[in-house]
Structures are given as structure tokens and as C-alpha cells.
Amino acid sequence: MSVVDRLRDALGDAVRTDDAALDAVRSDTWVRSIVAELAGRAAPQPAAVVEPASTAEAAVVARLCREAGVPVIPVGGGSGVVGGVLARPDAVMLSTAALTGIVEVHEEDLLAVVRAGTNGWELEQELQARGLTTGHWPQSIRLSTVGGWVATRASGQFSTAYGSVEDLVLALEAVLPDGRVLRTRRTPRAASGPDLRHLLLGSEGTLGLVTEVTFSLRPLPERRLAQAFSFASFRAGLEAIRRSMAVGHRPPVVRLYDGVEADRHFGAYAPDGHAFLVLVHEGPRGVVEAEVALVADLCRAAGGRTADAAAAEGWLAHRSEPPSARPFLERGVAVDTLEVAATWSVVGDLYDDLLAAVGALPGVVSVSAHSSHSYRSGTNLYLTFAAAPDDGDLAAAYDACWAESMRVTVRHGAGISHHHGIGRVRRPWLAAELGDTGVALLRALKRALDPDDLWNPGVLLPPS
Ligand SMILES: Cc1cc2nc3c(=O)[nH]c(=O)nc-3n(C[C@H](O)[C@H](O)[C@H](O)COP(=O)(O)OP(=O)(O)OC[C@H]3O[C@@H](n4cnc5c(N)ncnc54)[C@H](O)[C@@H]3O)c2cc1C
């Protein structure tokens, strides 16, 4: 009996083999997958898509696939951008599409227990109706699931105050590759050995299926104020952010665009070629008003000029509209974004070198960056590149831009991914980030949990 038949025996209609279901999960939004599809080489259909409706059903899928030696590829919203989801003909796609909904909201403890396939936007609508929020607001909030957020170590647009997903997840539940269920305890902190939440945070479907996530919530803020500044240079803007972070100010949104991106997004508000800083402050009224004034003083002291706050309000209004690379790719232009992270002493030089190195590649027509998640010790850079190769080889132009970006990032000792993850696109550079010992440790963990390398093979770990 085939594994699909055995799964059907156990789970009935949760096992789907119709074309619509198989086609819907063939890949995430990785540019390389779109390029392959445009060239007539779309990912194959998988053997089946299984949509368990409970943790127990997900555990059955894990056990049956392990017994049969069949690859399992977890799928959430499919909004990943690094090739974490790519079907193969022998694989079962383990989708969280039926594992949805809020299990419990505990207002006194400020907790929400949420099933892993719950869409981020739907979760926020329900929480906000009760005056609560997770504080996690990725641009892809309408496209992504809470399980996907955990699996990729996602970061939302309000992270500078509220933290990224690892700061918001109080507890989680996951089905391991052998079908056992791991549950971490609902406690505000623990000194009980290594934190097992972090086995799953960033595991990208390679160590099991996240089935339930407990978020620590916050009440909706009493006051929100926005402001904006222009700076003669990107470095001057970075310095204003560094000084604000150092003294402990925490506006949730701190986004500094370089001159190219400022002209593109805020042309009506920023002098030509100037960097542009968008700030959104939230919290109790008096705190917000004080923070607005104090951060404004620091911005002006670093050379910032006050700009129209309408620019920041416009950004807020459009912050969840997802752009797509596809129209550019269809016109022969390879575009993508990538995010790295660096300490304050490194980030200015990293910015200059990334732009120079990628900009010098054949066919590159544009390269720019912004910083959108800041910390006491550093910030991220979010690079956007576009290349129009003379020979029409989009994949080669794309690979060259990525390789150069990663090479420069590693040379500066910076972090190769701030929040999109490793997937397939960054695998070759993981050893540079974790070191040989780090990769060996990760491999040992993988062997312990998934000895036959059945869970999302080809993702995260570099080829051995
Ligand atoms: C327009 C756009 C904007 C974006 N903006 C942001 C942003 O602001 N911040 C950000 O961090 N990211 C952003 N992303 C990237 C993407 O949305 C995130 O990586 C998101 O967390 C993926 O969630 P998903 O449910 O779509 O996961 P998927 O794409 O389905 O899967 C991603 C990876 O996680 C694994 N996985 C999925 N669900 C589970 C599960 N339950 N258990 C175990 N493994 C699982 C998959 O196997 C895969 O490896 C953006 C993407 C797009 C297209």
C-alpha cells in the first residue's frame, strides 16, 4: 500500500491529490522559483498535500511518512522568499491550512494560544477587536501564518519596540519527525536548561511541524504619533538612530531609506538624494509625546531636518501592500530584496561596500537599501537590487547579485540574514555564519530528530 493510501486510510479527506491542491503548494515566492516557472520549469507536483485538522492528525502524518521513508515538506502561507517550500514528486506537503483559529485568549495574563496555520491578518483582526495585539506586523501579514513566522524567525515592521517573533512567543507546541509532541511550558521565563522554543524558531520545517503558538500580547497603544526627518547622508541618519537606541528610546517603527529609496518612496517630502527617516511612536500618551520630542532633538543634533509627518502617515496606510517581483521578471529584469544585520561600527561601511560591489556587477541597473529594525548594538540593512542582463539569463544575474551580497556581508563579519531565513538561497553561506562547529552541531541535532533527512530536505543545512 502506498503512503498516500495509508494516509488516506488514516485521515480521509485531509489527504488531497487533486491538481488544484497540488499546484497551490508547489513553491513559495522565491524569485528563483518564479524564474524557473517563467522558463517553463515550474516545480513538480508533490505526491500529496495533507491538511491535518489537529496535532494528533499531524503526528499520524509524521509517523506514517517516517515508516515509509517519504519526505515531508511543511507549508504555511507560502509567502517565504528564500525557497523554503519547493515540492518534489516523492514528497508529502504537510500543510497547516486546516490547523487554524484562536484556541484561547487570556486577558489577565495577556496571552493568546493560536493554531499554527492561522493567518496573521485574521489573528490581528480578532485580537484588535478585543483591544489587544501581538505587536507582530510583517509586510506579508495577509499572506503568512503564525507557524511560518516561528519557522522563519520572522520580524515585523514594529519590531524595534516590540521585538521579533522570538520575543513574542511565550510557548509553543510542535510535532517532531517521529510523531512525538513537544510542548514548552506557559511561563514568563525559565532557567531550566536550554530554551527548547529555539529548536523550532528558525527551523524552517527541517525539525518538525509547529502546531500551536502561545503569544504574549500587549494592549493596543493609547497614543500613536509619527514624524519624519531628512538627512544629507545615510550615515547621518544611522547615527541619529544609534544615539536614540543607545539612550533607550524605542519607537516601534524606525525606517531609514537611502537617497535612492527616499526618492522612490518619499520624493514629495525629501530633498533630492537625501536619506529619509520615518518614525512611529506608540504607547501611553505622556510617554509617546516625550519620546517624540526627545528623538526629534537627537535627529536634529545628528543633522536631520524635520520633514512633513504626512510621509510617515502615508507609509503607515500602505504598509501591508505586498509588492511582487513577477512583473519585473516577466520584463527581463531580475529583482529581489535581501536583509542582513550588522553592529553600528560596521553597518556604514557594509552599506557602502554592498552598494559598490553589487552596483559594479554586469547588468545591475539599481541597488539601494534601507534600515528597518534597530537595536542598542546595531541595525539591519534591507537591500533591493535590479539587474537587466544583456543575455537574458535572469537566474545567473540573480545568483551573481546574491553571491556578491553574501560575500561582502561575510567579509564584514555581519549577519547573513536578519529575518527572511536561509531556505535554499543562503545555504552555501550558513557555515560562514555559524562556523564549522555550529554547522556540525546543527547536523547532529538534525540526525537525532530526523535521521533519514526526510523533513524539508535541501533547506537550511548546507550539503554535507
Ligand atoms: C511581500 C512580502 C513581504 C514580506 N514581509 C516580511 C516581513 O515584513 N517580515 C518577515 O519576517 N518576513 C517577510 N516576508 C517573508 C515571509 O512572509 C515570512 O518568511 C513568513 O514568516 C513566512 O510564513 P508562511 O506562513 O508564509 O510560511 P511558508 O512560506 O509557507 O514557509 C516558510 C518556511 O517555514 C516552514 N514552515 C511553514 N509553516 C511551518 C510550521 N507550522 N512548522 C514548521 N515549519 C513550517 C516551511 O517549510 C518553509 O521552510 C515577506 C514576504 C513577502 C512575499
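What counts and what doesn't
Within each chain, residue numbers correspond to sequence positions counted from 1 in written order. Only residues with pLDDT of at least 70 are given local features in this predicted model, and only at 80 or more are side-chain atom pairs given and counted; all residues enter the totals for whole chains, interfaces and linings. For the side-chain quantities, the full set of heavy atoms in the structure was used; hydrogens and water were omitted. To be near a molecule or strand, a residue needs just one of its heavy atoms within 4 Å of it. N or O atoms closer than or at 3.5 Å make up a polar contact, with two conditions inside protein: a donor-capable atom paired with an acceptor-capable one, and, for residues adjacent in sequence, both atoms drawn from side chains. Per-residue and other accessible areas were derived by the Shrake-Rupley procedure at a 1.4 Å probe size, with only the shown protein chains allowed to occlude residues. For the purposes of this entry, the term helix denotes a DSSP run of H or I that reaches at least four residues, the term strand denotes a run of E that reaches at least two, and both are numbered from the N terminus. Residues are grouped as follows: Ala, Val, Leu, Ile, Met, Phe, Trp, Tyr, Cys and Pro are nonpolar; Asp, Glu, Lys and Arg are charged; every other residue, Gly included, is polar. At least two bridges found by DSSP between two strands is the condition for calling them paired. Fitting a line to C-alpha atoms yields each axis, with helices limited to the stretch in contact; the angle taken between N-to-C directions then spans 0 to 180 degrees. The rule is simple: take the accessible area with a 1.4 Å probe, protein chains only, and divide by the maximum for that residue type; under 20% is buried, over 50% is exposed, in between is partly exposed.

**A short note on the site of the ligand**
Thinking step 1. Lining the immediate surroundings of the ligand are 36 residues, of which Pro74, Ser79, Gly80, Ser140 and Thr145 lie closest.
Thinking step 2. Between an oxygen atom of the ligand and a main-chain N or O atom of Gly76, the distance comes to 2.8 Å.
Thinking step 3. Asn456 has a polar side-chain atom sitting 3.2 Å from an oxygen atom of the ligand.
Thinking step 4. Taking 970 Å² as the accessible area of the ligand by itself, protein coverage stands at 95%.
Thinking step 5. The set of elements that each furnish at least two residues to the shell around the ligand consists of β3 (72-75), α6 (146-152) and β10 (209-216).
Thinking step 6. For the shell around the ligand, the element with the most residues is α6, which contributes 5 residues.
Thinking step 7. Taken together, the residues that form the shell around the ligand break down as 14 nonpolar, 21 polar and 1 charged.

**A few points about the sheet that holds strand β18 (residues 378-387)**
Thinking step 1. Across the sheet, 7 strands lie side by side as β15-β12-β14-β13-β17-β18-β16; this open sheet has antiparallel pairing. Whereas interior strands pair on both sides, the edge strands pair on one side only; in this sheet they are β15 (305-307) and β16 (334-343). Each strand axis lies, on average, 25° off the axis of its neighbour in the sheet, ignoring direction.

**Notes on the sheet that holds β3**
Thinking step 1. Judged by pairing direction, the sheet is mixed, and its 4 strands sit side by side in the order β1-β2-β4-β3 without closing on themselves. At either end of the open sheet lies a strand with only one pairing partner, and these are β1 (15-16) and β3.
Thinking step 2. Where β3 lies against strand β4 (residues 92-95), 4 bridges are found, and the strand directions are parallel. When the bridges of β4 are listed, Val75 appears paired with Ser95.

**Regarding unusual backbone geometry**
Thinking step 1. Within the chain, Arg153 stands out as a residue other than glycine whose phi angle is a positive 55°.
Thinking step 2. Note that Arg153 resides in the loop between α6 and α7 (159-162).
Thinking step 3. Judged by its relative accessible area of 31%, Arg153 falls in the partly exposed class.

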